[in-house]
Amino acid sequence: AATALLGVLAVGAPMLQTAAQPLQQATTAARPAATQPATMGSAPAKPTPKLPERFTAPDGTEYRLVADSRIMLAGGTKATVTVPVTGKPLAMGAVCTGSDDSGPRVSTGERMFPPAAFTVCSRHLALQPLVVPKGAKQVTVTVDDTTRGRGCVWDKARNTCEPQQPKRGTWFLAAYEWMPPAKPVDPGEPKPFPAKVSGWKLAETKTGTFPQDATATFHLEGGHSYGLDQLCTGDLASSLRFSYLGAITGVVGSCGVWESGPWPYAMNEVRVPKGQRLRVSIRLSMPGEVGNRPVRWSVGLFRK
C-alpha cells in the first residue's frame, strides 16, 4: 500500500499559560470630577484591576512582580519595557478591562511560532512565558496591541462588505519572575477522552509527561476519517505546543485543559483514501522554562 506523511493543524484552547489567578481590587474609589456629576441611577464604575505584587500558583510556584516593569495599553497601542534577568524564569502578566477582539502580542525578539499573545480580555490575571536569550543580563519586552487587520460583514443592500471597527480594551501588564519548585510537581493524569462522541469512536490514545516525552506517532489506515485532539494537566499546560508534522509542516496548536463540564473538543479531521496508509508525527515544545513543573499530556485519535 502507498505510504504518505500527513500534518494536521491543531486548533485548541487559547495559549493561556497558567490557571487564572483572582486579582486584588483597588480599594480607593475615584471621586467624580466637579464638572461631571454622577448620573442618578447609573451603575458605579468597577475599580481598576490591580496586578498583585506576589502570588502563589496552584502548584506552589511563587511569582514576584519585577519592579518598574508595569505597562498600560489603551486603544490599540504598543510599548516596550526593559526587564533585568536574574536567572529566574520570567513571564508577562496581564489583566484587561472592557473588551478586545485581538489582544496584545508579547515578544522579547526571540523567534516564536505562533507568537505569544493574550487572547481574552479579563480582569483575572493571565500569563505568557518570556523567552530570554542565553547569557542576557536584561531583556526588552515589546507588547503590541495595534491593529492587525479588520474583518467585514456583507451588506446585501449595498452589495459591499462593510469594515468592522476593532474592539479595544485597556490592558495592564507587568513582568513577573518565578522560583521553580525544589522537586517536580506531578499534576495528575488528564481526564480520559470519551469512548464515543458525535459519531466518532476513540481508536487510540498516546500519553506522556513533558519534557521527558516530547514525541508521538499515529498510523492511519485507509478507508476511514480520523480526528485528533489533545488534553493536558499542570500549571504550564496551556503553554505546551503541538507541532503536527508532515504534508503541512510547522503548524502549531496549543493544549486543551479539561477540568469540568463537557469535553471541550476541537478535533482536526482527515479522510484517508482506501489503499493508503498515512502517518502523523507530533512534536511537543514549550516556550520559556519548565523548571520542575512538568505537563502531562494525552493525544486521542478518533475514527469513523
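Details of the structure are given in the entry above.
So, here is what we can say about the structure in this document. (Residues numbered from 1 in each chain as written. Predicted model: local features only at pLDDT ≥ 70, side-chain atom pairs only at ≥ 80, totals over all residues. Heavy atoms only, no water.)

**A short note on the state of the cysteines**
Note the following rule: Defined by distance alone, a disulfide is two cysteine sulfur atoms within 2.5 Å. For the purposes of this entry, the term helix denotes a DSSP run of H or I that reaches at least four residues, the term strand denotes a run of E that reaches at least two, and both are numbered from the N terminus. The classification of residues rests on relative accessible area computed with a 1.4 Å probe and restricted to protein chains. Under 20% of the type maximum is buried, over 50% is exposed, and intermediate values are partly exposed.
Under the defined criterion, the tally for this structure stands at 2 disulfides. Put simply, Cys96 and Cys121 are joined by a disulfide, and their sulfur atoms are 1.9 Å apart. When the S-S torsion is -80°, as for the bridge of Cys96 with Cys121, the disulfide is left-handed. On the criterion of sequence distance, the pair formed by Cys96 in strand 8 (residues 90–97) and Cys121 in the loop between strand 10 (116–117) and strand 11 (126–130) is long-range, its members being 25 residues apart. For the pair shown, Cys96 and Cys121 are each scored as buried. What pairs with Cys232 in a disulfide is Cys255, and their sulfur atoms sit 2.0 Å apart. Judged by the torsion about the S-S bond (95°), the Cys232/Cys255 disulfide is right-handed. One end of the pair, Cys232, is in strand 19 (residues 224–233); the other, Cys255, is in the loop between strand 21 (251–254) and strand 22 (268–272), with 23 residues separating them in the sequence. Using a relative accessible area of 1% as the deciding quantity, one classes Cys232 as buried.

**A closer look at the nonpolar core**
Note the cut-off: Residues enter a nonpolar core if they are buried and are Ala, Val, Leu, Ile, Met, Phe, Trp, Tyr or Cys, with the set joined through side-chain atoms within 4.5 Å.
Residues Leu220, Leu240, Phe242, Ile282 and Trp297 are the most contacted members of the largest nonpolar core, which totals 25 residues. Sorting the residues of this core by element identifies strand 18 (215–221), strand 19, strand 20 (241–245), strand 22, strand 23 (276–285) and strand 24 (295–303) as the ones contributing at least two each. Counting residues in hydrophobic clusters, the runner-up holds 20 residues, among them Leu73, Val81, Phe118 and Val139.

**Points about the sheet that holds strand 7 (residues 78–84)**
Heads up, the rule is: For two strands to count as paired, DSSP must find a minimum of two bridges between them.
The sheet built from 4 strands is open, its strands ordered 7-12-9-10 with antiparallel pairing. Both edges of this open sheet fall to strand 7 and strand 10, since each of them pairs with a single strand only. Looking at chain direction, strand 7 and strand 12 (residues 138–144) are connected through 7 bridges and run antiparallel. If you follow Thr80 over to strand 12, its bridge partner there is Thr142.

**Thoughts on unusual backbone geometry**
The omega torsion across Phe210 and Pro211 is 15°, close enough to zero to call that bond cis. Tracing the sequence through the fold places Pro211 in the loop between strand 17 (200–210) and strand 18. Here the phi dihedral of Asp68 falls at roughly 60°; this positive angle occurs in a residue that is not glycine. Tracing the backbone shows Asp68 in the loop between strand 5 (62–65) and strand 6 (71–74). Positive phi, normally seen in glycine, also occurs at Asn292, with a value near 60°. Relative to the helices and strands, Asn292 resides in the loop between strand 23 and strand 24. Note on Asn292: relative accessible area 29%, which makes it partly exposed.

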